[in-house]
Structure formats: C-alpha cells, structure tokens
Amino acid sequence: MKALAISGPVVAVDIGGTKTALLVADAEDGSTCRTDRIPTLPEEGPHPLFARIADTVDTLLGPGVHRADVTAVGLVCPGIVTGTGVLYAPHTPGWEELRVRQVVATLFPEARIAVMNDVKAAALAEARQGGLADVGHGIYLNVGTGLSCALVVGGTVLTGEHGAAGEIGYQVLDPAEPGVREGRAPLEEAFSGAALTALARARAGDGATAGTAFQLAGTEAAFGEEIGGRIDRFAAAVANLAIAFDPARIVVGGGMARHDEVFTALTAALERLVPFPPALLRSRGYDDAALTGALIAAREALSPEP
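Residues numbered from 1 in each chain as written. Predicted model: local features only at pLDDT ≥ 70, side-chain atom pairs only at ≥ 80, totals over all residues. Heavy atoms only, no water.

> Before we move on, could you go through the pairing of strand 12 (residues 279-282) and cite the residues and values that matter?
Note that strand 11 (residues 249-253) and strand 12 share four bridges and pair parallel. Note that in strand 12 the partner of Ile250 across the bridge is Leu280. (Pairing = 2+ DSSP bridges. Helix = DSSP H or I, 4+ residues; strand = E, 2+ residues; numbered from the N terminus.)

> Before we move on, could you go through the packing of helix 6 (residues 210-217) against helix 7 (residues 221-245) and cite the residues and values that matter?
Two elements in contact, helix 6 and helix 7, have axes whose closest approach is 7 Å; the angle formed by their N-to-C orientations is 120°. On the basis of the axis angle, helix 6 is oblique to helix 7. Every pair of crossing elements has a handedness; the one defined by helix 6 and helix 7 is left-handed. On helix 7, the residues touching Ala213, Phe214, Leu216 and Ala217 of helix 6 are Phe223, Gly224, Ile227 and Ile231. (Axes fitted to C-alpha atoms, helices over the stretch in contact; angles between N-to-C directions. Parallel < 35°, antiparallel > 145°, perpendicular 65-115°, else oblique. Left-handed = near helix turned anticlockwise from the far one by under 90°. Contact = heavy atoms within 4.5 Å.)

> Outline the sheet that holds strand 12, listing residues and values.
Across the sheet, which stays open at both edges, the five strands sit in the order 10-9-8-11-12 with mixed pairing between neighbours. The open sheet has two free edges, formed respectively by strand 10 (156-157) and strand 12, since each of these has just one partner strand. Bridge count for strand 8 (residues 137-143) against strand 9 (residues 147-153) is seven bridges, and the pairing is antiparallel. Counterpart to Val143 in the pairing with strand 9 is Leu147. Helix 3 (residues 118-129) contacts strand 8, strand 9, strand 10 and strand 11 of the sheet and is inclined by roughly 40° relative to strand 9.

> Account for a nonpolar patch on the surface, naming residues and giving values.
On the surface, Leu87, Tyr88 and Val180 cluster together into a nonpolar patch covering about 230 Å² of accessible area. Relative to the helices and strands, Tyr88 is located in the loop between strand 6 (86-87) and helix 2 (100-107). Using a relative accessible area of 41% as the deciding quantity, one classes Tyr88 as partly exposed. (Patch = residues over 30% accessible without salt bridge, like charges linked within 9 Å, V, L, I, M, F, W, Y side chains within 5 Å. Areas by Shrake-Rupley, 256 points an atom, 1.4 Å probe, with all protein chains shown as cover. Salt bridge = Lys/Arg side-chain N within 4 Å of Asp/Glu carboxyl O. Buried < 20%, exposed > 50% of the residue type's maximum accessible area, 1.4 Å probe, protein only.)

> Help me get a handle on the nonpolar core, residues and values and all.
Within the largest apolar cluster, 40 residues are counted, with the highest numbers of intra-cluster contacts made by Leu141, Leu196, Phe234, Ile250 and Leu266. Counting residues per element, the ones that place at least two in this core are strand 8, strand 9, helix 5 (193-204), helix 6, helix 7, strand 11 and helix 8 (260-273). When residues in this core are grouped by element, the largest group, eleven residues, is from helix 7. Look past the residues within four positions of Ile250 in its chain and what remains in contact with it is Ile139, Leu141, Val238, Ala242, Leu270, Pro278, Ala279, Leu280 and Leu281. One finds Val10, Val152, Leu291 and Ala297 within the second-largest nonpolar core, a separate group that totals 32 residues. (Core = buried A, V, L, I, M, F, W, Y, C linked by side-chain atoms within 4.5 Å.)

> Explain the pattern of salt bridges to me, and be specific about the residues and the numbers.
If you walk through the whole model with that rule in mind, you get ten salt bridges. In this structure, Arg67 engages Asp58 in a salt bridge whose closest nitrogen and oxygen atoms are separated by 2.8 Å. Residue Arg67 is classed as partly exposed on the basis of its relative accessible area of 22%. Asp58 sits in the partly exposed class, given a relative accessible area of 32%.

> Please give an account of the side chain of Asp118 that cites residues and values.
Here Asp118 is to be found in helix 3. Buried charge Asp118 goes without a salt bridge, the closest partner of opposite sign being Lys120 at 8.0 Å. If we ignore the near neighbours within four places in the chain, the residues touching Asp118 are Asp14, Ile15, Val76, Cys77, Pro78 and Ala290. (Lys, Arg positive; Asp, Glu negative; His and termini not counted.)

> Which residues make up helix 9 (residues 289-301), and what values do they have?
Taking 1.5 Å per residue, 13 residues should reach 18 Å; helix 9 reaches 18 Å between its end C-alpha atoms and fits that length. Residues of helix 9 that are buried make contact with strand 1 (10-15), strand 2 (19-25), strand 4 (72-77), strand 7 (112-117), helix 3 and strand 8. (Expected span 1.5 Å × (residues − 1).)

These results come straight from atomic positions and should not be treated as a statement about function.
And the structure:
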C-alpha cells in the first residue's frame, strides 16, 4: 500500500479501566513523540473522559498546533466496539450507547480515525513490530485487569463475525455454570488481575493488589493452593485455545505476565497438552503495546486500500 502524504501530527489514545495513555507523534517519521497518562475515572462516565483527552492532546500538541491539524487518530478501548456503542466492557460502564467514532470525529474534525479493541490493538503492535511479526499463526494473550486474547493470521488480527474473536474471559468450565447471559465471565472471574486483586483484598485489606495475592500464596499454604488452582484452570484454557488454533507462537502481555508462576504454568500446560506446542514469549511492550497498536492503526488509516 502507498501511504498518503502526511502533514500533521498523529494521535494515539489507549483507554484503560484505571488510566488512559496518550501519545502525539510527528507525522513524518514518528521520531518525536510526546506522551501523557491521565486517570480514566470510569465512574464519571465517558464524556468527562473525552473532555480530559481533548485537553491533554491540546497540551501535547503545543503552541500553534490545533486539534484541527491532527491528520489521524487511533483510539483503543476495552470491549467490543460497534457503530452504536461499546459492549461487554464492565470496567468502563456507561459506554453501551456511546458512538465512539462520532465523538472522536467531533474532537478531531479533519482526522482519519481508527477505533478498535485494546487487546486487538496490542496484537496489531506485536504483528507489525513485536513477537508475532514473523509468524503465520499467532496469539496475543493479555492477562491484565481483564482477560482476553487476539488471533493473528499472516499479520492480520482476526475480529470475528461480531468483533468478539478472542474473548476467552467468557469461557466456561462447566456448561451449567452462569455465563455471559447472566452477566458473568467465568474464566476472567477465576483468573485475571481484577480477580486476584479481589482475593487479596478479602485477605489483606483494601490496599492489596494482584501482586499481593502472589506474595500471600508464597507464605500461606491454603491460599497458595487456591491461587495455584486458578492458574491451572487458566493454563488449561490457553492450552485448549492452542489446540484449536495451532499457533506457532503465543505472546503474553499484561501485568500478570510479569509473574513467573503464570509463565511457568502456561509453559508446562502447552508442552503437556498441545500436539504441536507453540513457543511462548513475554511481550516486550507490556502496558504500552495497546498504545503502540493505536498509533499503528492511526497511521494505517492514512493508507489507501491496495
């Protein structure tokens, strides 16, 4: 594809459950980037957040440059982005009827706009310049506040018929257990940053985090068994995904990827259960992969169809 001539800055925005990361890049070569992070404050709803995003971009653009000068915007967020709202995003409530693309277009009237799911954006970054750049079939597995993955085939991130491909947090162990129709995400509730944080706070108080859960697991035998069982359930689900998709490589990102207990359990499950075990890598981007993907999506929005 031949890229269009670019004369203005490019903006990338990664909206998370607790924080929102922003980046303004020089449009010509990307060598100059200015970044910032602001609180998402999901309890306030989306419109105050977008007002803060606009103010932050104004600051990052600097004197003499305006939002009307922005050439492209890539915005990523949790959930399934549709033309009428963002679905299945429990950590950012109130987005179900938010027309995200229209809101962004109002803030950046001259820009080309790309809006996508945050985990799929992270997978795009891995497919273009990370651990999935040289594989035909790969998986980006995100274990952060929530739990999801994205499937990559030949450099293309699969969306699925409804944009929900890779939403493994809704997997069930027993078909009789409450699932998505009851507002539940069984696998995510068993193992994710939010799930472990809730366990840790029930044990150690409001200041505890998911990291606290791993610390407690190392000192309290019963709690360690609880955490170990949850990790094993998660690892078995990933192994089943690998059996179905047959990837060459799985790249793991998100805060939970930093814990050796998780990586070790995943490695063991893949080796033991999968006919052709994929290579397992940690993402080099961790929390920045989705923001990088947002920037890539914005730039690719400036390229005409082949």
